[in-house]
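Structure at a glance
Here are the chains, one letter per residue:
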Amino acid sequence: MGVLMSRRQTVERVQKVSLAVSAFKDGLREQPSTRRRTEAGTSRQGTLEQEVQEGEEDASAGPSQPEESSASKAAWERLRDGRGVEPEEFDRANRFTPPAFIRPKRELHDDEPPDISLEQREQILNDEMCEICEVWTAESLFPCRICHRVYHDGCLRRMGYLQKDSAVEVTETAHTETGWSCYYCDNLNLLLTEEEMYSLMETLRNCKIIPETCLTLDDFLHYKHLVHKQQFERPMAEAQEEQAALQFNALDPDKKGHIEWQDFLSHESIQLLQKLRPQNALMRLLTPKERERARAAFLALDQDSDGFIGEGECRQARHTWFRKHQKEMLSCNVSISHVGPISEGSPASSKNSKSPEKILPATKQEEARSIDWPGFLQENVAYILAARPNSAALHLQPPA
């Protein structure tokens, strides 16, 4: 009996020791400086003054740098994940959780020519239920002009994707010919795969571009010079620098002297897509709505219905993709289906009469080269994709 009691006491003592050891380890986890001394193998015996001094050193060295690095890290993570909304910009109370964006993956057949017929029209059907709350409420749903999704304006507000200024624009343009792009289609960066996004992030890091900041003309040109030198191992030519300056002006339609981060990111994303993917792969990114509008544009230019248009007409369509919606002229239909010569009094010409987007007369050489329907899509697909964002900026400036 005595032996049994002794064993029980031994077990209880072992349990107590185990609890004490666990508590001691927990205490070590809460004291980084003590843990570092333990890992280094130094003695635990120290005076109170030493402990206080080490605590003061940790406090003085800790707060400033980690906070800065964590903010920078968060910005790079948002860039990597395609999140365009700053989480701290609005109160998360009574908000829906933003979706987890999944970047696309390249398929084996992506580089093969897609079968997009000119004669066979596609039926355009929007979803019947809100993409966010999955509830049907008929007329109060706002469709995206690019994809099949529809939304409630209240759901967009609770997601944080619809602020005060943009709410009026959505309600006034979603059901018009101009249309409105949802937060999926508005963000061209979401077209990049993980590998392509990693390549873009490496370029931005090497060129010292800080995410979520505005860029001035000097910043933009300096970045373009660095990228060109890294890619071609030679300085940028004067003509190329002038084209870059024109692109900056196109990204700054309000003449604020800087371009917004989201517009810069969309421009760089579409540039990278042009660089890394063949035209056939880009054509597979077009949605049924974009293909239908492209058909309407081609058929409107093919006056004799022979299946061919001139190069000048193709260039004309390329420019009209960027006819932006004018708030003061809500009744104007400025879709691609209404391509045609732009008069001097139209919004596109009067707003930017000195910019390259003004349509120039086609030369005889341009009219001599004929372009069929597949060629029309190949030459314009990047500009069709670049026209997706709601921003008034021209994210891919067509050459004059």
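Residues numbered from 1 in each chain as written. Predicted model: local features only at pLDDT ≥ 70, side-chain atom pairs only at ≥ 80, totals over all residues. Heavy atoms only, no water.

Per an unreviewed UniProt entry, the protein goes by PHF24 protein and derives from Pitta sordida.

1. Comments concerning the packing of aromatic side chains
The final tally for this structure, using the stated rule, is eleven aromatic pairs. With a centroid separation of 5.8 Å and 90° between ring planes, the pair formed by Tyr151 and Trp180 is classed as edge-to-face. A residue pair is termed long-range when its members are at least 10 positions apart, and Tyr151 in strand 2 (residues 150–152) and Trp180 in the loop between helix 6 (164–173) and helix 7 (194–206) qualify at 29 residues. A single burial state applies to Tyr151 and to Trp180, both of which are buried. Between Tyr223 and Phe264 the ring centres are 5.3 Å apart and the planes differ by 75°, which places this aromatic pair in the edge-to-face class. A residue pair is termed long-range when its members are at least 10 positions apart, and Tyr223 in helix 8 (residues 217–232) and Phe264 in helix 10 (residues 261–276) qualify at 41 residues. Phe264 sits in the buried class, given a relative accessible area of 1%. The rings of Phe101, Tyr151, Trp180, Tyr183 and Tyr184 are connected pair by pair, giving a single aromatic cluster. The aromatic ring of Tyr184 is capped on one face by Arg149, whose charged end is 4.1 Å from the ring centroid. (Phe/Tyr/Trp six-rings, centres within 6.5 Å; stacked < 30°, edge-to-face > 60°. Helix = DSSP H or I, 4+ residues; strand = E, 2+ residues; numbered from the N terminus. Buried < 20%, exposed > 50% of the residue type's maximum accessible area, 1.4 Å probe, protein only. Lys NZ or Arg CZ within 6 Å of the ring centre and 35° of its normal.)

2. Regarding the state of the cysteines
Within the structure shown, the criterion is met by zero disulfides. Cys182 takes part in no disulfide bond, and the closest cysteine sulfur, belonging to Cys144, lies 3.7 Å away. A residue is classified by how much of its surface remains accessible, and Cys182, at 0% relative accessible area, is buried. (Disulfide = S-S within 2.5 Å.)

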